[in-house]
Amino acid sequence: QVRLVESGGGTVQPGGSLTLSCAASGNIYIIYDMAWYRGAPGKQPDLVARIIREGTADYYANSVKGRFTISRDNAKNTVTLQMSDLKPDDTAVYYCNVDHFERTRNRVTVWGQGTQVTVSS
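Bear in mind that the values here come from a model prediction, so they are computed numbers and not experimental data.

A. Region of the structure containing the sheet that holds strand β7 (residues 68-73). Reading across from one edge, β1-β3-β8-β7 is the order of the four strands in this open sheet, with antiparallel pairing throughout. Bordering the open sheet on either side are β1 (2-7) and β7, each of which pairs with just one other strand. The mean angle between the axes of side-by-side strands here comes to 15°, regardless of whether they run parallel or antiparallel. The pairing of β7 with strand β8 (residues 78-83) spans six bridges and is classified as antiparallel. Each residue of the ladder has a partner; that of S71, found in β8, is T80.

B. Seen up close, the nonpolar core. Within the largest apolar cluster, 29 residues are counted, with the highest numbers of intra-cluster contacts made by L4, W36, F68, V79, L81, M83 and Y94. Residue assignment for this core shows that the elements contributing at least two residues are β1, β3 (18-26), β4 (30-39), β5 (46-51), β7, β8, β9 (92-101) and β11 (115-119). Once residues within four sequence positions are removed from consideration, Y94 is found in contact with E6, L20, W36, Y37, R38, F68, L81, M83, G114, T115 and V117.

C. Just the pattern of salt bridges, in detail. Tallied over the full model, the rule gives five salt bridges. Two residues, D99 and R107, come together in a salt bridge whose shortest N-O distance is 2.7 Å. In this structure R107 comes out as exposed when scored by relative accessible area, which is 51%. Counted as one network, the salt bridges with shared partners bring together R38, R67 and D90.

D. Spotlight on the side chain of N97. Its place among the elements puts N97 in strand β9. On the basis of relative accessibility, which here comes to 7%, the residue N97 falls in the buried class. With near-sequence residues (within four places) excluded, N97 lies in contact with L4, D33, M34, A35, Y37, T109, V110 and W111.

E. Focus on the pairing of β5. Of the pairings in the sheet, the one linking β4 to β5 comprises five bridges and is antiparallel in character. Across the sheet, residue A35 finds its bridge partner in β5, namely R50. With antiparallel pairing between neighbouring strands as the criterion, β4 and β5 make up a hairpin whose turn holds six residues, including G42 at a positive phi of roughly 80°. Summarising the sheet, β5 and strand β6 (residues 57-60) pair through three bridges and their orientation is antiparallel. The residue bridging I51 from the neighbouring strand is A57, located in β6.

Calculation rules
Residues numbered from 1 in each chain as written. Predicted model: local features only at pLDDT ≥ 70, side-chain atom pairs only at ≥ 80, totals over all residues. Heavy atoms only, no water. Pairing = 2+ DSSP bridges. Helix = DSSP H or I, 4+ residues; strand = E, 2+ residues; numbered from the N terminus. Axes fitted to C-alpha atoms, helices over the stretch in contact; angles between N-to-C directions. Core = buried A, V, L, I, M, F, W, Y, C linked by side-chain atoms within 4.5 Å. Buried < 20%, exposed > 50% of the residue type's maximum accessible area, 1.4 Å probe, protein only. Contact = heavy atoms within 4.5 Å. Salt bridge = Lys/Arg side-chain N within 4 Å of Asp/Glu carboxyl O.

Below you can see the structure in the form of structure tokens.
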């Protein structure tokens, strides 16, 4: 069992900044891709940003490119999403996603519970 704990969500005004963090723990052998998704509650979320194990971001959604930065710390099994110049359209539930091998070498993708980000004046 792997647990993902997300933090950093909240309400900000347009143009503001917010940083989301996600910490993974539990049955982990090695983590490959880590990513952030977002979407409306109860709907399949869309990929926002993804970062590979080596620390290079390999995907940003066009809508967030230049405003969001994804990073990770493999020693701590954490992934962070720095968001700036936030817009009302960025309002969504943000989900952490981790692609990893368990200690038994089973490859598993795990989702966080989601954290609400609201951008409103």
